[in-house]
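# Descriptive structure summary
What follows is the residue order along each chain.
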Amino acid sequence: TQQKTWSQRFESALHPAIARFNASINFDIELVEYDLTGSQAHAKMLAKSGIISQTEAEQLVTGLEQIRQEHHQGKFNPGIEAEDVHFAVERRLVEIVGDVGKKLHTGRSRNDQVGTDTRLYLREQIQVIRSQLREFQTVILDLAEKNIETLIPGYTHLQRAQPLSLAHHLMAYFQMTQRDWERLGDVYQRVNISPLGCGALAGTTFPIDRRYTAELLGFEDIYANSLDGVSDRDFVIEFLAAASLIMVHLSRLSEEIIFWASAEFKFVNLKDSCATGSSIMPQKKNPDVPELVRGKTGRVFGHLQAMLVMMKGLPLAYNKDLQEDKEGLFDGVNTVKACLEAMTILLKEGLEFRSQRLAEAVNEDFSNATDVADYLAAKGIPFREAYNLVGKVVKTSIENGKLLKDLSLTEWQELHPVFAADIYEAISPRQVVAARNSEGGTGFAQIEQALKTARNLLKNT
Ligand code: ARG
């Protein structure tokens, strides 16, 4: 077995089980490309600052590039003896370029190195997730534009409340994911700061140029304090918090789709491409996609919680506990990406709204009761009085097995003489929706406006 990079200081070898326990190579190999890029920038900076020669820097950069090729060809597969991706790269570099490879780690520590790698990784992933959010929003918007006139019962307490345009309901998710998109952009700004050059904790004795490596790597700024730079994981926590909110939004939509697809609601049909069957019940068609999204949400919350707890007791600066940031972060990233992809496909081609059934649904309840009260209030009857009158009508109608639209004009006028024939139009589901034309409401004019604004937003960002 190979010697450890640090074995000169030690008398005996590491216990094999402890070597396995300590190693992160199995998962931090995910960072290999970023480790190579970061190391190339560091090598160039060392030459620019006169710490190594230009030729040496070129050898290092070329050697690192060869490792990248090997990685692309699936030929760079360091084992547990490498400990972590940083040692693995350095060791392979020395094999490739010889002794000059041993100069790479001048003025650097794995502590600022791993922070750099993780930030480079997360920066890229945030951009991927943001563009996935944009695709999701596009599909929501397309669907909303097709369903302005489709009405759907609106609920509070999961009890029928007031009917809505389906477009309005869908666009609520557009707004949630818009906040997610913005939030990730905000997190990005704090991910995009370079810890490279903070050294192990205190900086370095070499005349390094931190701003140069930051510039080469596209970082917006550098950490002002080296202790903070090597031990800050706020950016991981912030990302997982933003990711958790994305999952909250996807999970709420999932829950709705799951009950919409049930025989009790029958609001949507799941298409075969996005549903699964049962091993025993031949009639079943199950909404596995939204169920899995709802289920996976807990994983991301768990990673957020794990990071917060990991950080709370850590003294400055680097502690090995920080190695535990990676698996949760990687899994959080992968989970959010997989869920966004699946939900986008589900909305785009995996379900269809049953417009006939939806039209019946908004016709068969008392969700127009508020509009009767509003009708009276608009004619000068104080709202609370109107509300009480309508409460009585609802009660007697339920007793008589009638809906409000079934009442005769005489019955309305017995209740209050201001009722006229236009009450029937006022309580028709379409008019009930159209009338809610206050800013941000479900009224069709408001929706047209909201859809236009959303379309422009997608076009311009
Ligand atoms: N594998 C380590 C990690 O992921 C790299 C940094 C190790 N630094 C150290 N001084 N042990 O955090």
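Just so you know, these numbers come straight off a predicted model, no measurement behind them.

Conventions adopted
- Residues numbered from 1 in each chain as written.
- Predicted model: local features only at pLDDT ≥ 70, side-chain atom pairs only at ≥ 80, totals over all residues.
- Helix = DSSP H or I, 4+ residues; strand = E, 2+ residues; numbered from the N terminus.
- Rg over C-alpha atoms; globule rule 2.2 N^0.38 Å.
- Buried ≥ 20, exposed ≤ 12 C-beta atoms within 10 Å, placed from the backbone.
- Contact = placed C-beta atoms within 7 Å.
- UniProt positions renumbered as here; feature names shortened; annotations may be inferred.
- Domains from an automatic or database assignment.
- Expected span 1.5 Å × (residues − 1).
- Arc of directions from axis to C-beta.
- Pairing = 2+ DSSP bridges.
- Near = placed C-beta within 6 Å.
- Nonpolar A, V, L, I, M, F, W, Y, C, P; charged D, E, K, R; others polar.
- Axes fitted to C-alpha atoms, helices over the stretch in contact; angles between N-to-C directions.
- Parallel < 35°, antiparallel > 145°, perpendicular 65-115°, else oblique.
- Core = buried A, V, L, I, M, F, W, Y, C linked by C-beta atoms within 7 Å.
- Left-handed = near helix turned anticlockwise from the far one by under 90°.

Moving on to the overall build of the protein chain. Tallying secondary structure elements over the protein chain gives 19 helices and 6 strands in all. Computed over the C-alpha atoms, the radius of gyration of the protein chain is 31 Å, more than 25% above the 23 Å expected from 2.2 N^0.38 for a compact globule of 461 residues. Relative to its 461 residues, the protein chain shows a buried fraction of 40%. Of the contacts formed within the protein chain by residues at least 6 apart in sequence, a portion of 76% connects residues at least 24 apart.

Time to look at the UniProt feature "domain: Fumarate lyase N-terminal" (unreviewed entry) in the protein chain. Using the residue numbers shown here, the UniProt feature "domain: Fumarate lyase N-terminal" (unreviewed entry) corresponds to residues 9-302. Within the segment residues 9-302, helix and strand shares are 61% and 7% respectively, and the terminal C-alpha atoms sit 39 Å apart.

With that settled, the discussion passes to the UniProt feature "domain: Argininosuccinate lyase C-terminal" (unreviewed entry) in the protein chain. Per the UniProt annotation, the sites labelled "domain: Argininosuccinate lyase C-terminal" (unreviewed entry) are residues 366-434. Structurally, residues 366-434 is divided into 64% helix and 0% strand, and its ends, taken at the C-alpha atoms, are 17 Å apart.

Moving on: the domain arrangement of the protein chain. According to the domain assignment, the protein chain contains domain 1 (7-106), domain 2 (111-147 + 155-204 + 218-354) and domain 3 (362-460). On a C-alpha basis, the centres of domain 1 and domain 2 stand 32 Å from each other. Opposite the 11 residues of domain 1 that make contact, domain 2 presents 12 residues. Among the elements of the structure, α2 (25-28) and α3 (32-48) are those that each provide at least two residues to the side of domain 1 that touches domain 2.

Here helix α4 (residues 54-72) contains 19 residues, and its C-alpha end-to-end distance of 27 Å stays within 8% of the 27 Å for a straight helix at 1.5 Å per residue. Every buried residue of α4 is accounted for by A57, Q59, L60, G63, L64 and I67. Down the axis of α4, the smallest arc covering the buried residues is 160°, so these residues share one side. In this structure, α4 carries Q54, T55, Q69 and H72 as exposed residues pointing more than 90 degrees from its buried face. Two residues or fewer after α4 comes G74, characterised by a positive phi angle close to 75°.

So, on to the pairing of strand β1 (residues 151-156). The pairing of β1 with strand β2 (residues 159-165) spans 5 bridges and is antiparallel. Pairing of L151 across the sheet is with S165, part of β2. In textbook terms, the turn of a hairpin is the stretch between consecutive antiparallel strands, and for β1 and β2 this stretch comprises 2 residues, one of which, H157, has a positive phi near 55°.

A separate point is the environment of E364. Counting through the fold element by element, E364 comes out in the loop between α13 (355-363) and α14 (369-378). Under the C-beta neighbour-count criterion, E364 is labelled partly exposed, with 13 such atoms within 10 Å.

Turning our eyes to something else, we now look at the site of the ligand. Around the ligand, the structure places S24, D28, D84, H86, R110, N111, V114, Y318, K320, L322 and Q323. The biggest single contributor to the shell around the ligand is helix α6 (residues 110-146), with 3 residues. Among the residues making up the shell around the ligand, the classes are represented as 3 nonpolar, 4 polar and 4 charged.

The next point concerns the packing of α3 against α4. For any two helices packed against each other, one specifies the crossing angle of their axes together with the interaxial distance. Packing of α3 against α4 leaves a shortest axis separation of 8 Å and a crossing angle of 170°. The orientation of α3 with respect to α4, classified from their angle, is roughly antiparallel. Across the interface between the two elements, V32, E33, L36, S39, Q40, A43, K44, L46 and A47 from α3 touch Q54, E56, A57, L60, V61, L64, I67, R68 and H71 from α4. In terms of residue class, the contact of α3 with α4 is made up of 10 nonpolar, 4 polar and 4 charged.

Another point: the nonpolar core. L170, F239, V336 and M343 are the most contacted members of the largest nonpolar core, which has 102 residues in total. A total of 13 residues in this core trace back to one element, the largest contributor, which is helix α10 (residues 234-260).

Attention now goes to the environment of M310. On the secondary structure map, M310 appears in helix α11 (residues 288-312). Residue classification places M310 among the partly exposed residues on the basis of 19 C-beta atoms within 10 Å. Between the C-alpha atom of M310 and that of D331, which follows or precedes it by 21 residues, the distance is 16 Å. Among residues more than four places away in sequence, those in contact with M310 are D321 and E324.

For the rest of this paragraph, the subject is the packing of α3 against helix α5 (residues 85-97). Between α3 and α5, the shortest axis-to-axis distance is 10 Å and the interhelical angle comes to 60°. Taken together, α3 and α5 sit at an angle that is classed as oblique. Judged by the sense of rotation from one axis to the other, the crossing of α3 with α5 is right-handed. Seen from α3, the contacting residues are V32, D35, L36 and S39; seen from α5, they are V85, H86 and V89. Of the residues that constitute the contact of α3 with α5, the class distribution is 4 nonpolar, 2 polar and 1 charged.

Turning our attention to unusual backbone geometry. Residue A317 follows L316 across a cis peptide bond; omega there is 0°. Its location among the elements puts A317 in the loop between α11 and α12 (325-350). The phi dihedral of E83 falls on the positive side, at around 75°, and the residue is not glycine. Relative to the helices and strands, E83 resides in the loop between α4 and α5. You will see that H157, though not glycine, has its phi angle at about 55°, which is positive.

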